[in-house]
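Read off the chains here:
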Amino acid sequence: MTKQQTATPYNPITQGVIWKQLLTYFFPILFGTFFQQLYNTVDAVVVGQFVGKEALAAVGGGTSNLLSIIVNLFVGMAVGTTVVVAQSIGSGDNEKLSRTVHASVAMSFVGGLLFTFVGLGLTRPALAVMGTPADIMEHAVTVLHMYCLGMIPSFLYNVGTGILRAMGDTKRPLYFLMVACGVNVVLDLLFVVVFHMGVAGAGIATVLSQWVSAILVYASLCRNSGPAHLDWRKIRLDLRCLWPVLVVGLPAGIQSNMYSISNVVLQGCVNSFGTDTVAALTSFTKVDGFYWMVIGAYGVAITTFAGQNFGAGLYSRVRQSVRSCLLLSSVTTILLSVSMLALARPLLSMFGSDPVVLELAQNMCNRMMPYYITYVCVEVMSGAIRGCGQALIPMIITGCGICGLRVLWVFLIMPLSNHMNTLLLSYPISWSITSICFVLYYFVGKWLPKQDTVQPEVQTTVH
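Conventions used here
- Residues numbered from 1 in each chain as written.
- Predicted model: local features only at pLDDT ≥ 70, side-chain atom pairs only at ≥ 80, totals over all residues.
- Heavy atoms only, no water.
- Helix = DSSP H or I, 4+ residues; strand = E, 2+ residues; numbered from the N terminus.
- Buried < 20%, exposed > 50% of the residue type's maximum accessible area, 1.4 Å probe, protein only.
- Contact = heavy atoms within 4.5 Å.
- Areas by Shrake-Rupley, 256 points an atom, 1.4 Å probe, with all protein chains shown as cover.
- Phe/Tyr/Trp six-rings, centres within 6.5 Å; stacked < 30°, edge-to-face > 60°.
- Expected span 1.5 Å × (residues − 1).
- Arc of directions from axis to C-beta.
- Polar contact = N/O pair within 3.5 Å; in protein donor to acceptor, adjacent residues only side chain to side chain.
- Salt bridge = Lys/Arg side-chain N within 4 Å of Asp/Glu carboxyl O.
- Disulfide = S-S within 2.5 Å.
- Patch = residues over 30% accessible without salt bridge, like charges linked within 9 Å, V, L, I, M, F, W, Y side chains within 5 Å.
- Core = buried A, V, L, I, M, F, W, Y, C linked by side-chain atoms within 4.5 Å.
- Bend = angle between axes of the 7 residues up to and from the residue.
- Axes fitted to C-alpha atoms, helices over the stretch in contact; angles between N-to-C directions.
- Parallel < 35°, antiparallel > 145°, perpendicular 65-115°, else oblique.
- Left-handed = near helix turned anticlockwise from the far one by under 90°.
- Nonpolar A, V, L, I, M, F, W, Y, C, P; charged D, E, K, R; others polar.

A. Region of the structure containing the overall build of the protein. Secondary structure assignment for the protein yields 17 helices and zero strands. Within the span of the protein, comprising 463 residues, buried residues form 57% of the whole. Of the contacts formed within the protein by residues at least 6 apart in sequence, a portion of 85% connects residues at least 24 apart. Of the roughly 18700 Å² of accessible surface on the protein, a fraction of 69% belongs to carbon and sulfur atoms.

Okay, structure coming up:
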């Protein structure tokens, strides 16, 4: 029996013009991610200008990679929540939607508390294993300890935002991040510049601003009058409701960690080149991060689009969404690659004026930015496949193509040519190979039924 949608209200994600709705959905996510990216960027600018290059290397470098290993697990859980909520909306299952919301909130609080203690305990041993330079070590320990104290609000915010975005609400998360980013800028300047608290001040400012964004998101969910309304009395760890979230979220989190784990291994190589190179990589990643926030916004958009249309049984529309998203993200990538290369030097100068560090960072831009286009298929296709509830295969492809290849590169290629340029070459090569694998699976894999379960004649036309 086919689903009947004539009685359901107009839903632009399942019924609107695809490319227009993708852009309408994409831009608030992009701006929201931009303000989220500003958290660490502002920290790096303030610390780099007012504390020194050792502190700048500590704020970036290996600390961000180590922190992301923990955070990515719960970002994956947020993706799982987004997919289940989006599919519930598409199928009209409000009861499942409500149970998923409350169970996910409980999971984010308990998980945030657990990883706070895990992070605090493993910080120094992990940095030592990575070969963190001695002149950076204490700064790096302080940064990670501060960020670990922000695990709970970070996890709460990511899951709450995932719920809002799955419902098609991308504006309020953007507004909340704008407020939190403003708080972070003010507190950064107050703690670092006025009170001279160094990297600890930057960390405290970030944690406090994360609490602001988390509180605003959950206040919004509590005021929601629909099936996603959050009632604190109903929050509990319901494993039956969490299982579909975990099925998608754990592979998604592990997939994200493939990047972080491989970057930790590569960071060990970078550390061996000295503080200047570590500081240069920190500056580069702050500029480079603006591209990843853009392509990541496309990934979030297509995941939600695929999830809602999959739940509604509109499988041909899922494929149309992928094609539109590939075109939009490819054009955006080319424009960004050209623009970022042209503006690389002034952008890098925001993080410090050391000429050696700037020259090293400029070289990194020249060898990485022209090849962003090779990554587009990875983000868009993995997002679509995951939105349809198939998260294991994207994890495996990413694990082999990104993590596995880069680790092999470190152990097999780097001994033959121990140079930073050799290390940088591993990125475009791994992006290209992984993209080819995703394209092959997209066309031959059984991740999406071929026939819609909705009669074409009952789908609402676009107004």
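B. Representation of the packing of aromatic side chains within the structure. The final tally for this structure, using the stated rule, is 17 aromatic pairs. Pairing Tyr 291 with Tyr 372 gives two aromatic rings, centres 4.1 Å apart and planes at 5°, and the pair type is stacked. Of this pair, Tyr 291 sits in helix 11 (residues 275-311) while Tyr 372 is found in the loop between helix 14 (355-368) and helix 15 (376-387), placing the two residues 81 residues apart along the sequence. A residue is classified by how much of its surface remains accessible, and Tyr 372, at 0% relative accessible area, is buried. Both rings, one in Trp 292 and one in Tyr 375, keep their centres 4.8 Å apart while their planes meet at 85°; by these two values the pair is edge-to-face. Of this pair, Trp 292 sits in helix 11 while Tyr 375 sits in the loop between helix 14 and helix 15, and the two are 83 residues apart along the sequence. Through a chain of ring-to-ring contacts, three or more aromatic side chains come together here, namely Tyr 291, Trp 292, Tyr 372, Tyr 375, Tyr 427 and Trp 431.

C. The arrangement of helix 14 in detail. With 14 residues, helix 14 extends 20 Å between its outermost C-alpha atoms, agreeing within 8% with the 20 Å of an ideal straight helix rising 1.5 Å per residue. Val 357, Leu 358, Ala 361, Gln 362, Met 364, Cys 365 and Met 368 are the residues of helix 14 that are buried. Viewed end-on, helix 14 has its buried residues packed into an arc of 155°, placing them on one side of the element. Looking at the packing, one finds that the buried side of helix 14 touches helix 11, helix 12 (315-342), helix 13 (344-349) and helix 17 (420-444). At the N-terminal end of helix 14, a side-chain oxygen is found 3.0 Å from the backbone nitrogen of Val 356, two or three residues along, and the residue is Asp 354.

D. Region of interest: the pattern of salt bridges. Scanning the entire structure with this criterion turns up five salt bridges. With a shortest N-O distance of 3.1 Å, Glu 95 and Arg 99 are connected by a salt bridge. Of this pair, Glu 95 and Arg 99 both sit in helix 5 (residues 94-129), four residues apart, which is roughly one turn of that helix. Since its relative accessible area comes to 30%, Arg 99 is described here as partly exposed. Between Asp 231 and Arg 233 there is a salt bridge, with the nearest N and O atoms lying 3.1 Å from each other. Relative accessible area serves as the criterion here: at 70%, Arg 233 is assigned to the exposed category.

E. Here's a closer look at the state of the cysteines. Within this structure, the stated rule accounts for zero disulfides. With no disulfide partner, Cys 403 has as its closest neighbouring cysteine sulfur the one in Cys 400, 9.2 Å distant. Taking relative accessible area as the criterion, Cys 403 reaches 11% and is therefore assigned buried.

F. Structural view of the side chain of Ser 88. Within the secondary structure layout, Ser 88 lies in helix 4 (residues 61-91). Not counting chain neighbours up to four residues away, the residues in contact with Ser 88 comprise Asp 93, Lys 96 and Leu 97.

G. Molecular detail of unusual backbone geometry. Phi is positive for His 196, close to 55°, though the residue is something other than glycine. For His 196, the location among the structural elements is in the loop between helix 8 (171-194) and helix 9 (198-223). Judged by its relative accessible area of 66%, His 196 falls in the exposed class.

H. A look at a nonpolar patch on the surface. Nonpolar side chains collect at one region of the surface, where Phe 109, Val 110, Leu 113, Phe 117, Leu 120, Leu 149 and Leu 237 lie side by side and expose about 630 Å² of accessible area between them. Take Leu 120: it is sitting in helix 5. For Leu 120, a relative accessible area of 30% translates into the label partly exposed.

I. Structural detail: the nonpolar core. Ranked by internal contacts, the top residues of the largest apolar core, which has 75 residues, are Leu 423 and Trp 447. For this core, the element with the highest residue contribution is helix 11, accounting for 16 residues. Membership of the second largest hydrophobic core comes to 38 residues, among which are Cys 148, Leu 156, Ala 228 and Leu 230.

J. Examining helix 10 (residues 239-271) more closely. For helix 10, which comprises 33 residues, the first-to-last C-alpha distance of 42 Å sits more than 12% below the rise-based estimate of 48 Å (1.5 Å per residue). At Val 245, helix 10 shows its maximal kink, close to 40°.

K. Geometry of the packing of helix 14 against helix 17. Running from N to C, helix 14 and helix 17 point in directions that differ by 30°, and their axes come no closer than 10 Å. Our classification of the angle between helix 14 and helix 17 gives roughly parallel. As helix 14 packs across helix 17, the resulting crossing turns out to be right-handed. Two secondary-structure elements touch here, helix 14 through Asn 363, Met 364, Arg 367 and Met 368 and helix 17 through Met 420, Asn 421, Leu 424, Tyr 427 and Trp 431. Looking at the contact of helix 14 with helix 17 residue by residue, the class counts come to six nonpolar, two polar and one charged.

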